[in-house]
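# Results of the structural survey
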Amino acid sequence: MSKVLGLPTSELLLKGNASCPGCGAAITLRHVLKAFGPKTILIIPACCTSVIAGPYPKTAFNVPVLHIAFAASAAAGAGMSEALIAKGRDDVNVVVWAGDGGTVDIGIQALSGAAERGHNMVYICYDNEAYMNTGIQRSGSTPPKAWTTTTPGGNPGFKKDMIGIMFAHRIPYIATLNPAFPHDIINKIKKAKSIQGFKYLHALSPCPPGWRFDSSLTIKVARMAVLTGIWILYEIENGVLRLTGPSKNLLDKKKRLPVREYLKLQGRFAHLSEKDIIEIQEMVDESWMKIADMLESNKR
Amino acid sequence: MNEQNNIKMLTGNYAAAYAVKLSRVEVISAYPITPQTPIIEKLSEFVERGELNARFIRVESEHSAMASLIGAASVGARTYTATSAQGLLYMGEVVWWAAGARLPIVMGVVTRALAPPWSIWTDHTDILSFRDSGWIILFASNAQEVLDLTIQAFKIAENEKILLPVAVTWDAFVVSHTLEPVSIPEQRIIDEFLEKKRPQPHALNVDEPFSLGNITFPSDYMELRRSIDRAMKYAKEIIVSVDKEFGEKIGRKYGGLIEEYFINDADILIITLGVIGEEAKEAVDRLRKEDLRVGLIRLRSIRPFPSEILSKYCCDKKLCIVIERSVSFGGGGVILNDVLSTFYRYNVETPTIGYIAGLGGREVSVEDIVGMVSEACGRLKDGKLPNEPLWYGVKIGERYE
C-alpha cells in the first residue's frame, strides 16, 4: 500500500456518499476504515450513517455492512464475532459504528452485555452529541446547556460519562478519537485491531447543522475541542491511561485554551451567559483533574 | 441397544435440545425465561461437555438474543434460540428484523400466557402475535414432534427459495416439562438429512462487499415484501416435502401442514393446534364410539396457513369446530379468523363454530372437547350458530364482569 503522509490511500468509504457537507463523523469513518482495511464488516444501527450508506441497491461502503435495529448493534456484533470463530475465521474485523443515541441511550444495555462478555469486536461511538439524524434532539450525550430542538432553552442535563461506564467493564482497550487528528485515529484503530477482546472507541463528531457552525469549520471546531481540553485524546490499555496527540501537553491548565474559544464557534452555545461559560470551564477543569488522578494511579 | 431405536425419556424441552445438537447448530444465544430454561440448560451442558461444537452466548436480554443471531446468521452460521411469552415480546422488534433480512434462524417458542396478570402456563397468544412477522410458525403437540420438527425447521428455513426464520412452538409444561419416550435418531442419519449449513447467497463476505438492510425507497420496498410472501407460499410445498423426506429417512411422518385424524368419512371436523390436538384425538375416538362421525385436523403450520388443504377437507362437512388457545380482543379468535377467511376465499360454506378455551393454561380435557362438540352439534340442530367465538367453560358472575 502506498502512503501519503503515512495514511493508507485505500478508500473504503466511497465518494458521493450522502453525508452532510463537513460531517465530522464521515471524516472519522473514512480514516477508521483505512486503518481497519478491507477485511472488515461494519454493523450500523439507526443513525446518520444509515443515511450516509445510501439507498438500496447501492452502498457507500467498500466493506460489507449489516444494518440493524437501533438498540441491537452491540449484540449483532457479538453474534457475528462468535459466528466467525465458529467458522474458523480470525482475519475479519467486526466493527460496530453507532451514534451517541444508539450507544449511550437505547443501545447501552446490549453494549454493556457485549463488553462484559468480552466478545472479540470493536465498538465505535461517533458522538455528535444529539439525535442528529432525526433533527437535533437531545441525547444522554448532549453537553450541558447546549441548545437542541428538545432543549430549546439549553440542556438541563449533563453529558453521560461513557468512558467511565466502559472503564467499569474492565475491557482491554478504550480510546477517544477526533477527526482533526487522523494519525491518532489510525494508530488507535491499529492498536484496537491487534488486541483480543472487546474494544471501545469514542469519537467526537462535530456536526455543522446540529451544532450550528459553517460546514467549512469542522476541523477547526474539532481541533479547538482538543486544544481547550473539553475533548481529551487518550487511550486506556488494560486499565492504564495514556494521553495522546496534543492532549499530552495539556495536563497543565495554563497550556489549555479557554473553553470559550470552542463554545463561541457554535450556534448551539450562542445563548450562554458569562456564568454558564464559567460553569462549563469548571467542568472541563474537573475532568482534567480526573485524568490527573488516573495518571497518578497508573504509577501505583 | 439398537441405535435406530435409541429411546430416551425426555421432556419437550430436552427433546428440543437434542434436536439442536443433532442439527449441529453453530451459534446459540439465549436469555432465560420460564418455561424455556431447561432447553438452554441442556444445551449449555452439551456445549460444555464438547458434545456440541457451538458458540453459546449468554446474552443480557431476549432482544440481544435475536440481535446476536441476526449478526451470526448474516455471516452464514446455523443459529438457534428459544424463548416464551414476555421474552418473545421483548424480542419483538428484531423478530421482524430477522424475517426482513431473510435469515434462516430457528427459534423454539414454549407458548406461555402474557401478563398481566402473571401466568406461566400455556396460551398461544404470544407466538400468534407474530403471525404477520414473516416467520414460519409451526406447532408441535408432543416431545417427539418437538425433536422432529426442530430438525426439520433448519431444512425448511435454509431452503434457498425460502430463507425465512422458523419458530417451532409447543405448549408450556404440558409438553415442555412432561416426560415422554422420545426416539433419538442417529447423528449419521440426521447429517444425511440435514446437510452441513452452507452460507446463504446473501451472507456477508469481506471478499464481495455488499450491504444488508440499506434504506429502500418506495420504488423497491414492496417488491422485497412480496418476495417474503412468495417464499411463504413456497414454504407450503417444502414443509410437506421435508416431512415426507424425514418420514422416509427417519421413519416418522406427520402430514406436513396439518395432521389428519379420521377426516375422510367425518361429518364434523375439529380444527385445533398444539397439545389440544392430542386430547382431541381421544375425543374423536370416544365420539366415534357414540356413532358420531367426528374427525380432526391438527394445524401444524400457522404461517404459512394451510388454506388450500383446509378448504379441500372442510368443504363437504356438516360442521367445523375451531378450538384455540388464543384470542384477538374485540376481533374474534386468531385461528378462527384465519379459518373463516380461508373458507370465504375458497367458497367453503360449512357452518363453523369457534371456541376460545384453555387460556392461561386452563386444562382442556377430553371431556371438555366432547362437551364442545356436543354443544356445537346442538347449536347446529337448533340453527343457533353464533357470529362470534364462544368462550368455553368461563365462570360467569358479577365478580368477572
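Another point: the overall build of chain B. Helix and strand counts for chain B stand at 13 helices and 16 strands. Taking 21 Å as the expected radius of gyration for a compact globule of 401 residues, we find that chain B reaches 21 Å, a close match to that expectation. Reported as C-alpha extents along the three principal axes, the dimensions of chain B are approximately 70 × 60 × 45 Å. Of all 401 residues assigned to chain B, the portion counted as buried reaches 54%. Pairs at least 24 residues apart make up 80% of the contacts formed inside chain B by residues separated by at least 6 positions.

Residue and element names in this part refer to chain B. Each domain of chain B was delimited in the assignment, giving domain 1 (3-250) and domain 2 (258-400). The straight-line distance from the C-alpha centre of domain 1 to that of domain 2 is 28 Å. Each partner contributes to the interface: domain 1 provides 26 residues, whereas domain 2 provides 21 residues. Broken down by secondary-structure element, the contributors of at least two residues to the side of domain 1 that touches domain 2 are α6 (125-128), β6 (136-139) and α9 (218-250). For the side of domain 1 that touches domain 2, the element with the most residues is α9, which contributes five residues. Class assignment of the residues belonging to the side of domain 1 that touches domain 2 gives a composition of 14 nonpolar, seven polar and five charged.

Looking now at the environment of Gly371 of chain B. Residues and elements named next belong to chain B. Relative to the helices and strands, Gly371 resides in helix α13 (residues 366-382). According to the C-beta neighbour criterion, Gly371 is partly exposed, with 16 such atoms within 10 Å. Taking the C-alpha atoms as reference points, Gly371 and Arg399, 28 residues apart in sequence, are found 25 Å from one another.

Listed per partner, the contact involves 40 residues of chain A and 36 residues of chain B. Those elements that provide at least two residues to the side of chain A that touches chain B are β3 (40-44), α2 (48-52), β4 (65-67), α3 (73-86) and α5 (108-117) of chain A. A total of eleven residues in the side of chain A that touches chain B trace back to one element, the largest contributor, which is α3 of chain A. Each residue belonging to the side of chain A that touches chain B can be placed in one class, and the counts come to 26 nonpolar, eleven polar and three charged. In the sheet, β4 of chain A pairs with strand β9 (residues 211-212) of chain B via two bridges, with the strands oriented parallel. For Leu66 of chain A, the partnering residue across the bridge sits in β9 of chain B and is Leu212 of chain B.

Quick notes on the rules
Residues numbered from 1 in each chain as written. Chains lettered and ligands numbered in written order. Predicted model: local features only at pLDDT ≥ 70, side-chain atom pairs only at ≥ 80, totals over all residues. Helix = DSSP H or I, 4+ residues; strand = E, 2+ residues; numbered from the N terminus. Rg over C-alpha atoms; globule rule 2.2 N^0.38 Å. Buried ≥ 20, exposed ≤ 12 C-beta atoms within 10 Å, placed from the backbone. Contact = placed C-beta atoms within 7 Å. Domains from an automatic or database assignment. Nonpolar A, V, L, I, M, F, W, Y, C, P; charged D, E, K, R; others polar. Pairing = 2+ DSSP bridges.

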